[in-house]
Amino acid sequence: MKRSDIIRSLQVQFKNMRTSDSMAMLDTVMDEMKTAIARGNRIEIRGFGTFQQRTRATKNGYNPSTGETMFLPSGKTILFKPSRELTKKMNG
């Protein structure tokens, strides 16, 4: 599903909503989610899942083309954990 599909779904559900309004609403929600995760907050959407910031540890890796060992620094990533409801729906 793409951004345009979500906007179209909003317009179908809310008949009087203009395209610009649905785009602004989606942008606002996404911006708030990005800001919250960047601050280290956990986002929980009931029935869908949770988003949480995680820190990856430093480790030694290797370059697959040369076989040379290289240092991989720590970094931050996002962990998504689906809710039970979403998992049940995915599995049929």
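Above this text sits the structure in question.
Residues numbered from 1 in each chain as written. Predicted model: local features only at pLDDT ≥ 70, side-chain atom pairs only at ≥ 80, totals over all residues. Heavy atoms only, no water.

### Looking at the overall build of the protein
No. 1: Summing up its helical and strand segments, the protein has three helices and five strands in all.
No. 2: Seen in sequence order, the protein has helices and strands lined up from the N terminus as α-α-β-β-β-β-β-α.
No. 3: Projected onto its principal axes, the C-alpha positions of the protein cover 60 × 35 × 30 Å.
No. 4: For the protein, buried positions account for 16% of its 92 residues.
No. 5: Within the protein, contacts between residues separated by at least 24 positions form 28% of all contacts whose residues are at least 6 apart in sequence.
No. 6: Counting every atom, the protein has about 7700 Å² of accessible surface; 54% of that belongs to carbon and sulfur.
No. 7: With 17 positive and 8 negative side-chain charges, the protein shows a spacing of 6 Å between the two charge centroids. (Helix = DSSP H or I, 4+ residues; strand = E, 2+ residues; numbered from the N terminus. Buried < 20%, exposed > 50% of the residue type's maximum accessible area, 1.4 Å probe, protein only. Contact = heavy atoms within 4.5 Å. Areas by Shrake-Rupley, 256 points an atom, 1.4 Å probe, with all protein chains shown as cover. Lys, Arg positive; Asp, Glu negative; His and termini not counted. Charge placed at Lys NZ, Arg CZ, Asp CG, Glu CD.)

### Remarks on the sheet that holds strand S5 (residues 75-82)
No. 1: Pairing in this open sheet of three strands is antiparallel, and the strands run S1-S2-S5 from one edge to the other. Each edge of the open sheet is held by one strand with a lone partner, namely strand S1 (43-45) and S5. Sheet twist, expressed as the mean angle between neighbouring strand axes with direction ignored, is 25°.
No. 2: Across eight bridges, strand S2 (residues 49-56) lies against S5 in antiparallel orientation. The residue of S5 that forms the bridge with Gln-52 is Leu-79. (Pairing = 2+ DSSP bridges. Axes fitted to C-alpha atoms, helices over the stretch in contact; angles between N-to-C directions.)

### Considerations on the environment of Pro-73
No. 1: Mapped onto the fold, Pro-73 is located in the loop between strand S4 (69-72) and S5.
No. 2: For Pro-73, a relative accessible area of 53% translates into the label exposed.
No. 3: Along the chain, Pro-73 and Thr-58 lie 15 residues apart, while their C-alpha atoms are 4.7 Å from each other.

### Concerning the packing of helix H1 (residues 3-13) against helix H2 (residues 19-38)
No. 1: Interaxial distance between H1 and H2 falls to 9 Å at its minimum, and their mutual angle equals 120°. With respect to H2, the element H1 is oriented oblique. Helix-helix and strand crossings are classified by hand; for H1 and H2 the assignment is right-handed. Where H1 approaches H2, its residues Arg-3, Ile-6, Ile-7, Leu-10 and Gln-11 are matched on the opposing element by Thr-19, Ser-22, Met-23, Met-25, Leu-26 and Asp-27.
No. 2: Across the contact of H1 with H2, the residue classes tally to six nonpolar, three polar and two charged. (Parallel < 35°, antiparallel > 145°, perpendicular 65-115°, else oblique. Left-handed = near helix turned anticlockwise from the far one by under 90°. Nonpolar A, V, L, I, M, F, W, Y, C, P; charged D, E, K, R; others polar.)

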